[in-house]
Number of protein chains: 2
Amino acid sequence: MQATAQAHSNIAFIKYWGNADDALRLPANPSISMNLAGVTTTTTVVWDSALQTDSLSINDAPADEKATQRVAQHLEAIRKRLKLDLKAAVTSGNNFPMGAGIASSASSFAALTVAAVAAAGATLTERELSSIARLGSGSASRSIPAGYVEWCTGMSHDESVAYTIAPADHWSLVDVIGVISTGHKEVGSREGHGTAITSDFQAARVASAPARLAQCKEALFGKDFAKFAAVVEHDSNLMHAVMMTSRPPLFYWQPASLLLMEQVRRWRAEGLNVCYTLDAGPNVHCLTTAEHADEIEARVRALEGVQSVIRAAVGGGAAVVG
Amino acid sequence: MQATAQAHSNIAFIKYWGNADDALRLPANPSISMNLAGVTTTTTVVWDSALQTDSLSINDAPADEKATQRVAQHLEAIRKRLKLDLKAAVTSGNNFPMGAGIASSASSFAALTVAAVAAAGATLTERELSSIARLGSGSASRSIPAGYVEWCTGMSHDESVAYTIAPADHWSLVDVIGVISTGHKEVGSREGHGTAITSDFQAARVASAPARLAQCKEALFGKDFAKFAAVVEHDSNLMHAVMMTSRPPLFYWQPASLLLMEQVRRWRAEGLNVCYTLDAGPNVHCLTTAEHADEIEARVRALEGVQSVIRAAVGGGAAVVG
């Protein structure tokens, strides 16, 4: 009873921040993302009657208590769904730095979900895999389907799922990630979501999110980069404004993040297809088109404070790979 | 018919951002500030029947068309009030850099108002001087009274005035300004105010401002630095969040601003009395108490990206000096 699955990280164009239901992880607002090709978590799950407890190793080392607990909790939800009474040994590996604003929890819980279900010999719909992945990490629901993905809020566990709105080859966007810091962030996005409601601004951000979702889809379907850039940067600014006005405030931007954001606005004014978005971390995702990706990558690399660059085209969905 | 007046710049603890009435410059929300001792504009006004037009020189050089127009417009309001039919020669000088987040327009229009009225031989109440100064620049209304000052919104020109809520010697706060850039900002605060309503967040900021005003006064009257720091930093974050989410967005923070803000939070966690606030510019005002001012000044000076430091205790009101 063993399977290996691979899932991609994703970057949201319209952000998820704050829950309508914390236990079920129903999001306060719908979101849109693209999967990141080549930015993956690969996870092997072995269900074994000889095991007394669930175990987890990440990148060839035993995981800490907190991470193991979180995975065990997710496995428990899968056991319940599949009526399974076995413990699992989970082995997971990322090919990118964790906890620094590149959504490792998204790819991790997507890969874990797909591997655990396959190892049990079960076959679930993509829709159901997405809703189960969501229980582990909200954004993991978006790493199940391929390409460009929308995650609707939903009013129940079954309804709150992500689905493909355009295939990966619809538009050749590229995410050039300026890695500012690979250190672990002080406040993870999981705890951060809980603070969203303490901002005076969260209600207004949530209320206007459906309008931005519609604008983003319009831009995406019409491949209108100028329209896309305007709504994506605005949405990122809104989320970080909510973070910075929460109690206590969350500041994920670092000095180099601000510098890179400023440069991206300048480069776009020069005529390059590029806009920025930042998750709950300091790294700046510079979204561009394939034709301008080399130029943007070179410019990002040359900036002071940028430690490295990760470049990703639009990726596929989570899949069993062994 | 000549007089010289001096007025201090001020730094707001609870910020003014956006107007309820643009023409009258009635603010969307009330604000609180302290005057900055030693950070002054000195202005001489000469009403002279030989003059064909109003003229303005700033720091010993003829001012540009835009600045001259703005001063002429203000002089026109004063002529109307005093039933005066003369043009004026205005000579003004600042002892601090202009247009970089230190409110030069506040001290400038306060000094201009007091000098112009005195030069005409008129005597107006502080209340009336404050409301006239407000027509030139909203925050100038707060540079008329001495010490710690509140500016109420008011429903009319006469009502929207600033007044002292505590004398300068009530609490020995010190503003240690980390000057990040002395360059002129791309979007001045005057135009910026007009963009406030384009942010989804301005309504919420304005709605919660009276509560913050009350908290700030409580902290100020009780000399409770921890409470003061919490509300002052939060209010600054709220204003910048509105700025960054306006269309188009206004980013006044620079990388070094972010670095300094982060340091200030750390220094406070170490036990130092210090909190930050930023106006419409990159400079970081580090508010501290007299006992910790030397330590804070030394730390701010040592930071990368800080070009210079301006240190100011609580200042007096605008006054005729010659």
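Our subject is the structure that appears above.
Everything quoted here is computed from the prediction, not taken from an experiment.

Draft legend 1. Broad picture of the sheet that holds strand β13 (residues 308–313) of chain B. Residues and elements named next belong to chain B. With respect to topology, four strands assemble into an open sheet ordered β11-β12-β10-β13, the strand pairing being antiparallel. Edge positions in the sheet fall to β11 (274–277) and β13, since each has one partner strand and no second. Here the strands of the sheet are splayed against their neighbours by 25° on average, with no regard to which way each runs. The sheet contacts of helix α6 (residues 225–244) involve β10 (173–179), β11 and β12 (284–289), and relative to β11 the element is tilted by about 20°. Contacting β10, β11 and β12, helix α7 (residues 255–269) runs over the sheet at an angle of about 155° to β11.

Draft legend 2. Representation of the nonpolar core. Membership of the largest hydrophobic core comes to 48 residues, with the highest contact counts inside it found for W253(A), L260(A), W253(B) and L260(B). The contact partners of L260(A), leaving out residues within four places of it in the chain, are G178(A), I180(A), W267(A), V284(A), C286(A), V300(A), L303(A) and V306(A).

Draft legend 3. Looking closely at helix α5 (residues 202–221) of chain B. Residues and elements named next belong to chain B. In a regular helix each residue adds 1.5 Å, so 20 residues correspond to 28 Å; α5 covers 28 Å between its end C-alpha atoms and thus fits that length. Looking at α5, one finds that the buried residues are Q202, R205, S208, A209, R212, L213, C216, A219 and L220. Residues of α5 that are buried make contact with β1 (2–14), β4 (31–48), β8 (148–151), β9 (162–166), β10 and α6. Backbone geometry just downstream of α5 places K223 in the positive-phi region, at approximately 50°.

Draft legend 4. Region of interest: unusual backbone geometry. The omega torsion across R247(A) and P248(A) is -5°, close enough to zero to call that bond cis. Looking at the element boundaries, P248(A) is found in the loop between α6 (225–244) and α7 (255–269). Unlike most non-glycine residues, D60(B) shows phi in positive territory, near 70°. Take D60(B): it is sitting in the loop between β5 (55–58) and β6 (61–62). Given a relative accessible area of 77%, D60(B) falls into the exposed group.

Draft legend 5. Representation of the packing of aromatic side chains within the structure. Counted according to the given criterion, the structure contains 15 aromatic pairs over all chains. Ring geometry for F13(B) against Y148(B): centres 6.3 Å apart, planes inclined by 45°, an arrangement best described as tilted. Remark: Y148(B) occurs in strand β8 and F13(B) occurs in strand β1; sequence separation between them is 135 residues. Of the two residues, F13(B) and Y148(B), neither departs from the other in class, the shared state being buried. Ring geometry for F225(B) and F228(B): centres 5.7 Å apart, planes at 50°, overall tilted. Residue F225(B) and its partner F228(B) are located together in helix α6, separated by three residues, close to a single helical turn. Residues F225(B) and F228(B) agree in their burial class; the two are buried. By the ring-pair criterion, three or more aromatic residues cluster together here, those being F13(A), Y148(A), W171(A), F225(A) and F228(A). The ring of F251(B) is capped by R265(A), whose NZ or CZ atom sits 4.0 Å from the centre of that ring.

Reading the values: the criteria
- Residues numbered from 1 in each chain as written.
- Chains lettered and ligands numbered in written order.
- Predicted model: local features only at pLDDT ≥ 70, side-chain atom pairs only at ≥ 80, totals over all residues.
- Heavy atoms only, no water.
- Pairing = 2+ DSSP bridges.
- Helix = DSSP H or I, 4+ residues; strand = E, 2+ residues; numbered from the N terminus.
- Axes fitted to C-alpha atoms, helices over the stretch in contact; angles between N-to-C directions.
- Contact = heavy atoms within 4.5 Å.
- Core = buried A, V, L, I, M, F, W, Y, C linked by side-chain atoms within 4.5 Å.
- Buried < 20%, exposed > 50% of the residue type's maximum accessible area, 1.4 Å probe, protein only.
- Expected span 1.5 Å × (residues − 1).
- Phe/Tyr/Trp six-rings, centres within 6.5 Å; stacked < 30°, edge-to-face > 60°.
- Lys NZ or Arg CZ within 6 Å of the ring centre and 35° of its normal.

Keep in mind that these numbers describe shape and distance, not what the molecule does.
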